Amino acid sequence: MATDTEVDTDAFDEISLTNQVVLLGVAELQRRGETPVQTHVLRRVCRTQLEGVDVGVIGTLTEADVMRSLYRLEDEGFVEEIETEGTSPTGKGRPAYALDVDPEIVEEGVADELLEPTD
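A. Seen up close, the overall build of the chain. Looking only at helices and strands, one finds four helices and two strands in the chain. Its helices and strands in sequence order give the chain the pattern α-α-α-β-β-α, from N to C terminus. Residues counted as buried form 39% of the 119 residues belonging to the chain. Contacts spanning at least 24 positions in sequence make up 67% of the contacts within the chain whose residues lie at least 6 apart. Accessible surface for the chain amounts to roughly 6,700 Å². Of this, 43% is attributable to carbon and sulfur atoms.

Written out as structure tokens, the structure is:
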């Protein structure tokens, strides 16, 4: 994984809260050594993270939302798609994703309300 520690934290202002939640999920899994990660696993992690913060504007996070976010985050250079050997039930490849920036940069750049637990 080629991480880019030179990412400008202003770049986070350009991505939605949903995309930031997904990015935080990838960062958390990266810290745990659980990347590359597939979308269904990432969705569970993101939903768990959302339970601890007060971010009503995001609502329910679907697997399609996670996929769209990953595509956008890949375009922006935050994550990279990693080909895996497994296939889906339809016989297609299962893409997985890994962080392409340092996890600390993610925490510094995302919206504060995503990091502050509710009381």
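B. Examining the packing of helix α2 (residues 39–51) against helix α3 (residues 63–75) more closely. Contact geometry for α2 and α3: axes closest at 9 Å, N-to-C directions at 105 degrees. Comparing their axes, α3 and α2 come out roughly perpendicular. Side by side, α2 and α3 meet where Thr-39, His-40, Leu-42 and Arg-43 of the first sit next to Glu-63, Val-66, Met-67 and Leu-70 of the second. Residues of the contact of α2 with α3, tallied by class, amount to four nonpolar, two polar and two charged.

C. Spatial organisation of the pairing of strand β2 (residues 96–99). Burial along β2 is two-sided: the face carrying Ala-96 and Ala-98 and the face carrying Tyr-97 and Leu-99 are both buried. Judged from the four bridges that link them, strand β1 (residues 79–82) and β2 form a sheet pairing that is antiparallel. Across the sheet, residue Ile-82 finds its bridge partner in β2, namely Ala-96.

D. Region of the structure containing α3. Over its 13 residues, α3 runs 18 Å from end to end, which matches the ideal 18 Å to within 8%, given 1.5 Å per residue. Buried within α3 we find Asp-65, Val-66, Met-67, Ser-69, Leu-70 and Leu-73. In this fold, the buried residues of α3 make contact with α1 (17–31), α2, β1 and β2. Taken from the residues just after α3, Gly-77 is the one with a positive phi, measuring 85 degrees.

Parameters and conventions
Residues numbered from 1 in each chain as written. Predicted model: local features only at pLDDT ≥ 70, side-chain atom pairs only at ≥ 80, totals over all residues. Heavy atoms only, no water. Helix = DSSP H or I, 4+ residues; strand = E, 2+ residues; numbered from the N terminus. Buried < 20%, exposed > 50% of the residue type's maximum accessible area, 1.4 Å probe, protein only. Contact = heavy atoms within 4.5 Å. Areas by Shrake-Rupley, 256 points an atom, 1.4 Å probe, with all protein chains shown as cover. Axes fitted to C-alpha atoms, helices over the stretch in contact; angles between N-to-C directions. Parallel < 35°, antiparallel > 145°, perpendicular 65-115°, else oblique. Nonpolar A, V, L, I, M, F, W, Y, C, P; charged D, E, K, R; others polar. Pairing = 2+ DSSP bridges. Expected span 1.5 Å × (residues − 1).

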